[in-house]
Amino acid sequence: MKYQALLFDLDGTLTASGEGIIKSVQYALRKMGMEEQAQDLQMLRAFIGPPLLQSYMKYCSMTEEQAKQAVVYYRERYNVTGLYENRPYDGIRTLLEKASEKGYRLAVASSKPEELVKKILEHFELAGYFQVIVGSDKDKLKMTKTDVIEIALEQLGMAENCADAVMIGDREQDVIGAKTAGLDCIGVVYGYGSHMELKEAGADYIVDTPEELGNFLEV
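The rules behind the values
Residues numbered from 1 in each chain as written. Predicted model: local features only at pLDDT ≥ 70, side-chain atom pairs only at ≥ 80, totals over all residues. Heavy atoms only, no water. 1 Å grid on protein atoms, 1.4 Å probe; cavity = no way out; pocket = protein on both sides within 12 Å on 5 of 7 lines; lining within 4 Å. Points joined across faces, edges and corners; volume = space filled by probe spheres on them. Helix = DSSP H or I, 4+ residues; strand = E, 2+ residues; numbered from the N terminus. Nonpolar A, V, L, I, M, F, W, Y, C, P; charged D, E, K, R; others polar. Polar contact = N/O pair within 3.5 Å; in protein donor to acceptor, adjacent residues only side chain to side chain. Contact = heavy atoms within 4.5 Å. Phe/Tyr/Trp six-rings, centres within 6.5 Å; stacked < 30°, edge-to-face > 60°. Buried < 20%, exposed > 50% of the residue type's maximum accessible area, 1.4 Å probe, protein only. Core = buried A, V, L, I, M, F, W, Y, C linked by side-chain atoms within 4.5 Å. Expected span 1.5 Å × (residues − 1). Arc of directions from axis to C-beta.

> Help me out: how do you make sense of empty space enclosed by the protein in this one?
Summary: where empty space remains is shown by rolling a probe the size of a single water molecule over the atoms. All chains considered together, the criterion is met by two cavities of 30 Å³ or more. Reported here for the largest cavity is a volume of approximately 290 Å³. Lining the largest cavity are 26 residues, with P51, L52, S111, K112 and P113 sitting closest to its centre. Counting only elements with at least two residues in the lining of the largest cavity, the list comes to α4 (52-60), α5 (64-78) and β4 (105-113). Of the residues assigned to the lining of the largest cavity, the class counts are 14 nonpolar, five polar and seven charged.

Below is the structure:
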């Protein structure tokens, strides 16, 4: 095996979470009086994956204070309903089973608040495959993907040999976070990012399906 550990993103990599995220972003925007933005479906898709605070500021031209309030509104809906508007991708459970049998150490490194990451994985009975599950601190809205990846590596005991781990994700933030932390990154285009986005961000490899990912990892 080229790698010893696999770090997975959650949204767009393990689960198809777009419905719950988009509806919760819309809920927040409407509470902020931004109905026009709430109807921009192309813009709303960009919220799937990256940290919310930065996305509200980037895509909706909010100030930091406005974005913090939008995150509060988002959580009103997402933390109750949105997280279950979600499903594992076809083939993911099989991939995780085979990767475990092959001897890979498995971790989740997500920008979503850690409490919700664990709740989603437990709901879909995926949590048991992972030695380490790391999400963001809900009170630290400026945490980066690099921060999350580095915490996961530390918990895996691989902070000093991170070249033996690889990040697997669907958005440019996964690639940039991995590169900054010193990891290779496998981009997956069955999620919410495009081949071009992942290539331009510098993904080392790009795969189209969970099955292709399994083939690449030789599981």
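Now, onward.
> Which parts of the structure should I look at to understand the side chain of D9?
Residue placement: D9 occurs in the loop between β1 (5-8) and β2 (15-16). Here T13 takes part through its side chain, which lies 3.4 Å from a polar atom of the side chain of D9. Setting aside residues up to four positions removed in sequence, D9 forms contacts with L14, A109, S110, K145, M167, I168, G169, D170 and D174.

> Mind showing me how you'd approach the packing of aromatic side chains here?
For any pair of aromatic rings, the description consists of the separation of the ring centres together with the inter-plane angle of the planes. As enumerated under the stated definition, the model contains six aromatic pairs in all. Residues Y74 and Y78 carry aromatic rings whose centres are separated by 5.3 Å and whose planes lie at 15 degrees to one another, so their mutual orientation is stacked. Taken together, the positions of Y74 and Y78, both in helix α5 and four residues apart, correspond to about one turn of that helix. Summarising the burial analysis for this pair, Y74 and Y78 share the class buried. One aromatic cluster is present, formed by F47, Y56 and Y59 through successive ring pairs.

> Please explain the nonpolar core as it appears in this structure.
Soluble globular proteins tend to pack their nonpolar side chains together in the buried interior. The biggest cluster of nonpolar side chains holds 56 residues, and the ones touching the most others in it are F8, L29, Y56, L121, F130 and L213. The leading source of residues in this core is α5, at six residues. Ranked by size, the runner-up nonpolar core spans 23 residues in total, among them L7, V132, M143 and V175.

> Sorry, what's going on with helix α8 (residues 145-156) here?
Each α-helix winds once per 3.6 residues, and so residues spaced three or four apart point in a common direction. Over its twelve residues, α8 extends 17 Å from the first C-alpha to the last, a length consistent with the 16 Å expected when each residue adds 1.5 Å. Among the residues making up α8, those that are buried are K145, T146, V148, I149, A152, L153 and L156. All buried residues of α8 lie within an arc of 160 degrees about the axis, which places them on one face of the element. Packing partners of the buried residues in α8 comprise β1, β4, β5 (132-136), β6 (165-169) and α9 (172-181).

Remember, this is a structural readout, not a statement about activity or role.
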